[in-house]
Structure formats: structure tokens, C-alpha cells
Amino acid sequence: MSTPPLRLFFALPCSEPLATSIALWREAASCGGKAVARHNLHLTLAFLGEQPRGCVGELENLAASLVGEAFELRLDQLRCWQNGLLHLAPAHPPQALMSLAASLQDRLRGAGFALERRPFHPHLTLARHCTHLPATTAPTFDWPVNQFTLFASENTASGAHYRALAHWPLLPRDSNERFTQ
């Protein structure tokens, strides 16, 4: 009997206080659709899909070799894509975020992992299957980002649960070290 694969992705984990604030705003705004569970709120950096369990160590080593800089992410745009994905996005993504995602994706591809080729559009999914934007002003959430995480998506009786497998810190912004590729 073989061991089932894991559904994996790298992401920025949303802190509990920020996730609670976002979920409360979403509820008050009556966004509709199928809301993403508060404890699952995140911003995906690289989606790997189903992978053998044995590759987790390789992914951890790859991520540990990255050096990224901490940054402030301002989510200030409320959008709904044609596929019904309601999300928050930054009007001006920080360069540190774009560099982290690009470096991570380049290293994953270099290690033989297949990733989507579409451009990286940073966003935090609020709900799926939305038919329209809520009739409300876009909120602004300031998110201090100081780590990134490897997650496994697990299906449970109550829906998807994203389990953190490992975390890696990002350097303080005032550090003299810069992002390496």
C-alpha cells in the first residue's frame, strides 16, 4: 500500500489578529460566496499541488537556503476575478514580496518542481464562488510579514485545513543583508 501524496504550497501565513480582523470585516461586508475559513487565510507564494511525502525534506532545505527581507504588506484593493475568487490585494506590492516569490519559484523550478507559468499576482482569498464585489469601500489591512511557511492542504469533514509543516524567518528590514538569488 502506497502512502498518499501531500497537496503542498508555500505561503505567507496570516497572523491570528489579522485573520480575525479580516474575517470580521468580511462578515460585516456581506461578501457572499463560500468564505475561506479564518484559520486558512494566507497569501500563496508558490503552489506545488500533489507531491510525494518524501519530498518535504528537499523542500525544507530549499526554503532554508533563501534569504528574504521582512516587509509591510498593505492589502488595500478588493477584487473579484471572473472565476468568482473574491480577494484582497496590494495596490503596490512591496519589492521584497515580489523578490521572495520569484526566488522561491525559480529555485523550485530549478529543483524540478512543476509550477504554474502564469504571472504572480499577490492576493489573499476571502471567498470563492462570488458573483460580484460587495457594495462597500475596499478596506485597508497592514500586514507585517516576517516569515514564510510550507503548508499541506488536508481535506477534513469540516472542509479544507491548511497545516503548517515548517516556517522560515525573513530578515529584519534594517538588516544590511539583502535578498540573494
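- The protein appears in an unreviewed UniProt entry as RNA 2',3'-cyclic phosphodiesterase from Pseudomonas tohonis.
- The record in UniProt for the protein states the following under Sequence similarities (unreviewed entry): "Belongs to the 2H phosphoesterase superfamily. ThpR family."

**Observations concerning the sheet that holds strand 2 (residues 34-35)**
Phase 1: One open sheet accounts for 4 strands, arranged 2-7-6-5; its pairing is antiparallel. Because the sheet does not close on itself, it has two edges, and the strands there are strand 2 and strand 5 (77-80).
Phase 2: As paired elements, strand 2 and strand 7 (residues 124-128) share 2 bridges and run antiparallel to each other. By the bridge assignment for strand 7, Ala 35 is matched with Ala 127.
Phase 3: The strands that helix 1 (residues 16-28) touches are strand 2, strand 5, strand 6 (86-89) and strand 7; relative to strand 7, the one it contacts most, it runs at about 35°.

Cut-off values and rules
Residues numbered from 1 in each chain as written. Predicted model: local features only at pLDDT ≥ 70, side-chain atom pairs only at ≥ 80, totals over all residues. Heavy atoms only, no water. UniProt positions renumbered as here; feature names shortened; annotations may be inferred. Pairing = 2+ DSSP bridges. Helix = DSSP H or I, 4+ residues; strand = E, 2+ residues; numbered from the N terminus. Contact = heavy atoms within 4.5 Å. Axes fitted to C-alpha atoms, helices over the stretch in contact; angles between N-to-C directions.

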